[in-house]
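Report on the structure
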Amino acid sequence: LDLVQTYISNYDLRFEKYMSGSDIISVSGFYKDFTNPIEVVSFNATSADNITPRNIEKALVMGVEFEVKKGLEFLSEKLKNLSAGANVTFSKSEVEMSDIEYDFRVLEARDGETVERTREFQGQAPFLINSYLSYGNQEKALDVNLSYNVQGKNIAIVGIGRVPDVYNRPFHDLTLKISKGLGKTEEYEPKKHTISATFRNILNQKRQQIYSSYQAQDQIFTSYSVGMFFGFGYSYKF
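Residues numbered from 1 in each chain as written. Predicted model: local features only at pLDDT ≥ 70, side-chain atom pairs only at ≥ 80, totals over all residues. Heavy atoms only, no water.

Overview of the overall build of the chain
Counting its secondary structure elements, the chain contains one helix and 16 strands. Over its C-alpha atoms the chain spans a radius of gyration of 23 Å, topping by over 25% the 18 Å that the globule rule assigns to 238 residues. Seen through its principal axes, the chain has C-alpha atoms that stretch 75 × 40 × 35 Å. Burial statistics for the chain: of 238 residues in total, 28% are counted as buried. (Helix = DSSP H or I, 4+ residues; strand = E, 2+ residues; numbered from the N terminus. Rg over C-alpha atoms; globule rule 2.2 N^0.38 Å. Buried < 20%, exposed > 50% of the residue type's maximum accessible area, 1.4 Å probe, protein only.)

Next comes the structure, spelled out in structure tokens:
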């Protein structure tokens, strides 16, 4: 493969406000300029299974990111051990298609479809959400964390000819982690014994990729179940 190195120019502007404890509110804007970025593309006009990495000339990604971490004691004294947080990103990406790619898309365009010279950057989701709800009780040596993560539909494989683009469907990941310290120690000292439990993919989501094109019903390209994960652990501190 005749791949060359990718160069990225990053420009960021961020505002942060720190409050009591670890509470924080922030907002940031970003702009990324890619030179020779690498995309995964189809190279056979009859099958999307034939893929290869390929350099393209340029790509742009811009967006805004919001972050908040806040204890919930301000709502009620009973919630003093609870905290919540989220990191949400919205972005827009743009790739100017080569003449070959553009001509293929125009040739295979459906009635009423307008083909632009630009498209989304492969692998770049339009939004990303990471969030959590956490309970921590030092006196009881108990920690519980529930997290939820998802990213928006994004191009997995760039299509060619009659083969449409393949997209990653959003995967809604819900995870629960619990840990409990055991044994007698001095006040505020960490417990020597800790048991923990982890539950991943609680929603039992599938990983799916789909063919998606103008005014056509989405078709499954790949689909598999990652299953729900349950794990238990024990640790001892000497």
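Some details on the packing of aromatic side chains
Think of a pair of aromatic rings as described by two things: how far the centres are apart, and how the planes are tilted against each other in angle. Counting across every chain of the model gives six aromatic pairs. The interplanar angle of 50° and the centroid separation of 6.2 Å between the aromatic rings of Y11 and Y31 together place this pair among those described as tilted. Of the two residues, Y11 sits in strand β1 (residues 7–18) while Y31 sits in strand β2 (residues 24–35), which places them 20 residues apart along the sequence. Assessed through its relative accessible area of 31%, Y31 is described here as partly exposed. An aromatic cluster is present here, built from F199, F230 and F232 joined pairwise through their rings. A cation over a ring is seen here: R117 above Y102, with NZ or CZ 4.1 Å from the ring centre. In this structure, R207 packs its charged tip against the face of F171, placed 3.7 Å from the ring centre. (Phe/Tyr/Trp six-rings, centres within 6.5 Å; stacked < 30°, edge-to-face > 60°. Lys NZ or Arg CZ within 6 Å of the ring centre and 35° of its normal.)

Some points on the pattern of salt bridges
In the structure shown here, the tally under the stated rule is 12 salt bridges. Two residues, K70 and D23, come together in a salt bridge whose shortest N-O distance is 3.4 Å. Here the residue K70 occupies a position in strand β5 (residues 58–71), and D23 occupies one in the loop between β1 and β2, the gap between them amounting to 47 residues. Judged by relative accessible area, K70 falls into the partly exposed class, the value being 26%. Note that R119 and E101 form a salt bridge whose closest N and O atoms lie 2.6 Å from each other. Here R119, found in strand β7 (residues 118–119), pairs with E101, found in helix α1 (residues 99–107); they are 18 residues apart in sequence, far enough to count as distant. The pair formed by R119 and E101 is uniform in burial state, with each residue classed as buried. Each of the salt bridges in this network shares a partner with another, and the network as a whole consists of E39, R54, E101, R105, R119 and D165. (Salt bridge = Lys/Arg side-chain N within 4 Å of Asp/Glu carboxyl O.)

Examining the nonpolar core
Core analysis: the biggest nonpolar cluster contains seven residues, these being F30, F34, I56, A59, V61, V95 and F121. For this core, the secondary-structure elements that each account for two or more residues are β2 and β5. Not counting residues within four places of it along the chain, the set of residues in contact with V61 comprises F30, Y31, K32, F34, S91, K92, S93, F121 and Q124. Among the nonpolar cores identified, the runner-up in size contains five residues, and V41, I155, V158 and I210 belong to it. (Core = buried A, V, L, I, M, F, W, Y, C linked by side-chain atoms within 4.5 Å. Contact = heavy atoms within 4.5 Å.)

Observations concerning the side chain of N87
Its place among the elements puts N87 in strand β6 (residues 82–96). For N87, a relative accessible area of 16% gives the class buried. Within the structure, N87 has its side chain in polar contact with the side chain of E65 (distance 2.6 Å). (Polar contact = N/O pair within 3.5 Å; in protein donor to acceptor, adjacent residues only side chain to side chain.)

What about unusual backbone geometry?
Notably, N36 is not glycine yet its phi reads approximately 60°, a positive angle. Checked against the element boundaries, N36 lands in the loop between β2 and β3 (38–42). On the basis of relative accessible area, N36 is assigned to the partly exposed category, the value being 25%. The backbone of N201 shows a phi angle near 50°, a positive value even though the residue is not glycine. Along the chain, N201 falls in the loop between β13 (193–200) and β14 (206–211).

Concerning the environment of I155
Turning to its location among the elements, I155 is positioned in strand β10 (residues 154–157). Residues I155 and E120, spaced 35 residues apart in sequence, show a C-alpha to C-alpha distance of 7.4 Å. With sequence-adjacent residues up to four places away left out, I155 is seen in contact with E120, Q122, G123, D165, V166, Y167 and N168.

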